[in-house]
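# Structure assessment
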Amino acid sequence: MDVFTLIGLFVILYLFIYLLVLSFADCDFGLAFAETFGQKIGVLRGKVVWITGASSGIGASLAEALAANGAKLVLSARNAGNLSKIKQKCIAAGLAATDVLILPMDMLEVHKHEQYFQQVIAHFGQLDVLVNNAGRSQRAVWENIAISVDRDIFELNVFSVISLSRLAVRYFNEKGGGHLVVMSSLAGVVGAPYSGSYTGTKHAIMGYFESLRLERMGQRGPEGQLAITLLCPGPVFSNVLSESFTDMPGQKFNQQQEPTDKRMTTQRCAKLCAIAIANRLDEAWMGLFPVVPLCYVLRYYPYLAKKLSQVMSGQYLQKIRDSRVTVKDQNKTD
């Protein structure tokens, strides 16, 4: 058996294992490997982690997961009452009251970001990980979206995140290292139907931080250098539908998720996010089957994706996303 045959067999075996893992895993191959063989979440013990959007959903569950593993926390969101409840859960998980700082903030008040940042440093003396989790989704028909909605969602999901992240990067540069974590979405990997503005923001955020990653190429890696982790969840149980933007400014979608919806639990998603952070992964995808394999096809196999698009409608993809069609094009259904 010559060397080329061995290489061919190795490639075939690798692809077989890859496809096998994707058929039952709820995340991408790299994250699945890290969960089994990589660093445990406990490596974050004693680290100061700032989570925005921490009052509910993935942010709240991530706070509890990190608290259970000894990380010190800064919890930020607009709802101070919910933040207090999350703090109590973190204390119940084993943290001291002084290990959890509640920092109510509106991400859109970018002129106050420096003030908030200094409050974190004043309390803990340092910051090790910034988790940019705050943001909102969208459900709307593309051509009906008011341009002011595009601007509003970009202000929240992109520009506020960039503002806070640049403060963090400057601080990490002076400190000699740190970890920047950004909650993107699988909608930042491939387009999501009925979420044009939201998809645009997530593609934008991926581009911003990929650019930063390339600027730091050769400087990444060991502890003490800047790490950048892009988290890309698919459908997850949270208040995403009720809080989503629509096509009209100031309007919320106000639909509730159903217990029968096919979505990942926030607890499971938060654990996978924590594993990705602990292992300083560049990018991590997560979602129940068939979301992750479908994203692989749509991103890496354009010819096959084109063929699939001929048999799958946007409403079918929306049903995979929300377990039902939550948005209909009035031009077609009236």
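Conventions used here
Residues numbered from 1 in each chain as written. Predicted model: local features only at pLDDT ≥ 70, side-chain atom pairs only at ≥ 80, totals over all residues. Heavy atoms only, no water. Helix = DSSP H or I, 4+ residues; strand = E, 2+ residues; numbered from the N terminus. Rg over C-alpha atoms; globule rule 2.2 N^0.38 Å. Buried < 20%, exposed > 50% of the residue type's maximum accessible area, 1.4 Å probe, protein only. Contact = heavy atoms within 4.5 Å. Areas by Shrake-Rupley, 256 points an atom, 1.4 Å probe, with all protein chains shown as cover. Lys, Arg positive; Asp, Glu negative; His and termini not counted. Charge placed at Lys NZ, Arg CZ, Asp CG, Glu CD. Expected span 1.5 Å × (residues − 1). Arc of directions from axis to C-beta. Pairing = 2+ DSSP bridges. Axes fitted to C-alpha atoms, helices over the stretch in contact; angles between N-to-C directions. Phe/Tyr/Trp six-rings, centres within 6.5 Å; stacked < 30°, edge-to-face > 60°. Lys NZ or Arg CZ within 6 Å of the ring centre and 35° of its normal. Core = buried A, V, L, I, M, F, W, Y, C linked by side-chain atoms within 4.5 Å. Disulfide = S-S within 2.5 Å. Salt bridge = Lys/Arg side-chain N within 4 Å of Asp/Glu carboxyl O. Parallel < 35°, antiparallel > 145°, perpendicular 65-115°, else oblique. Left-handed = near helix turned anticlockwise from the far one by under 90°. Nonpolar A, V, L, I, M, F, W, Y, C, P; charged D, E, K, R; others polar.

### Let's talk about the overall build of the chain
A tally of helices and strands in the chain yields 13 helices and seven strands. Here the C-alpha atoms of the chain give a radius of gyration of 20 Å, agreeing with the 20 Å that 2.2 N^0.38 yields for 334 residues. When the backbone C-alpha atoms are referred to their principal axes, the chain occupies close to 65 × 55 × 40 Å. In the chain, which comprises 334 residues, the proportion classed as buried is 49%. The contacts in the chain between residues at least 6 apart in sequence include a share of 72% that link residues at least 24 apart. If you sum the accessible surface of the chain, you get close to 16,000 Å²; carbon and sulfur atoms cover 58% of it. Charged side chains of the chain number 33 positive and 27 negative; the gap between the two group centres comes to 3 Å.

### Notes on helix α5 (residues 113-124)
With 12 residues, α5 ought to run about 16 Å at 1.5 Å a step, and its terminal C-alpha atoms sit 17 Å apart, in line with that. Residues of α5 that are buried include every one of H113, Y116, F117, V120, I121 and F124, and no others. Projection of α5 onto a plane perpendicular to its axis shows the buried side chains occupying an angular sector of 140°, all on one side. In this fold, the buried residues of α5 make contact with β1 (48-52), β2 (72-76), β3 (100-102) and α6 (147-175). Of the residues one or two after α5, G125 is the one with positive phi, at around 80°.

### Structural notes on the sheet that holds strand β7 (residues 283-286)
In a beta sheet, neighbouring strands pair by backbone hydrogen bonds and run either parallel or antiparallel. The seven strands are arranged β3-β2-β1-β4-β5-β6-β7 in an open sheet whose pairing can be described as parallel. Strands with a single pairing partner mark the edges of an open sheet, and in this sheet they are β3 and β7. Taking the axes of each pair of neighbouring strands and ignoring which way they run, one obtains an average angle of 15° across the sheet. Note that strand β5 (residues 178-183) and strand β6 (residues 226-233) share six bridges and pair parallel. Across the sheet, H179 pairs through a bridge with A227, a residue of β6. Against the sheet, helix α3 (residues 57-67) touches β1, β2, β4 (129-132), β5 and β6, its axis set at about 165° to β1.

### What about the packing of aromatic side chains?
The full count for this structure, using the stated rule, is eight aromatic pairs. Residues Y296 and Y300 carry aromatic rings whose centres are separated by 5.8 Å and whose planes lie at 40° to one another, so their mutual orientation is tilted. Taken together, the residues span about one helical turn, with Y296 and Y300 both in helix α10 (residues 291-300) at a distance of four residues. Y296 gets classed as buried once you look at its relative accessible area, which sits at 13%. Directly above the aromatic system of F245 lies the positively charged group of R136, at a separation of 3.8 Å from the ring centroid.

### Focus on the nonpolar core
W50, V74, F117, L127, I205, F209 and W285 are the most contacted members of the largest nonpolar core, which totals 52 residues. Elements supplying a minimum of two residues to this core: β1, α5, α6, β5, α7 (196-215), β6 and α10.

### A closer look at the state of the cysteines
Applying the stated criterion across every chain yields a total of zero disulfides. The structure places no disulfide on C90, whose sulfur is separated from the nearest cysteine sulfur, that of C273, by 15 Å. Its relative accessible area of 0% is what places C90 among the buried residues. With no disulfide partner, C232 has as its closest neighbouring cysteine sulfur the one in C295, 9.0 Å distant. On the basis of relative accessible area, C232 is assigned to the buried category, the value being 0%.

### Details of the pattern of salt bridges
If charged atoms from side chains of opposite charge come close, those side chains can pair. This structure, assessed with the given rule, holds eight salt bridges. Across the pair R268 and D26 runs a salt bridge whose closest N-O atoms are separated by 2.8 Å. Separated by 242 residues along the polypeptide, R268 in helix α9 (residues 266-278) and D26 in the loop between α1 (3-24) and α2 (29-37) bring together distant segments of the chain. R268 is the partner of E35 in a salt bridge, and the nearest nitrogen-oxygen pair spans 2.8 Å. Of the two residues, E35 sits in helix α2 while R268 sits in helix α9, which places them 233 residues apart along the sequence.

### A short note on the packing of α3 against α9
For any two helices packed against each other, one specifies the crossing angle of their axes together with the interaxial distance. Running from N to C, α3 and α9 cross one another at 60°; their axes reach a closest spacing of 8 Å. Taken together, the axes of α3 and α9 lie oblique to each other. At the point where α3 passes α9, the crossing takes the right-handed sense. Counting all contacts with α3, which are made through G57, I58, S61, L62 and L66, the residues of α9 involved are T266, Q267, C269, A270, C273, A274 and I277. Looking at the contact of α3 with α9 residue by residue, the class counts come to eight nonpolar, four polar and no charged.

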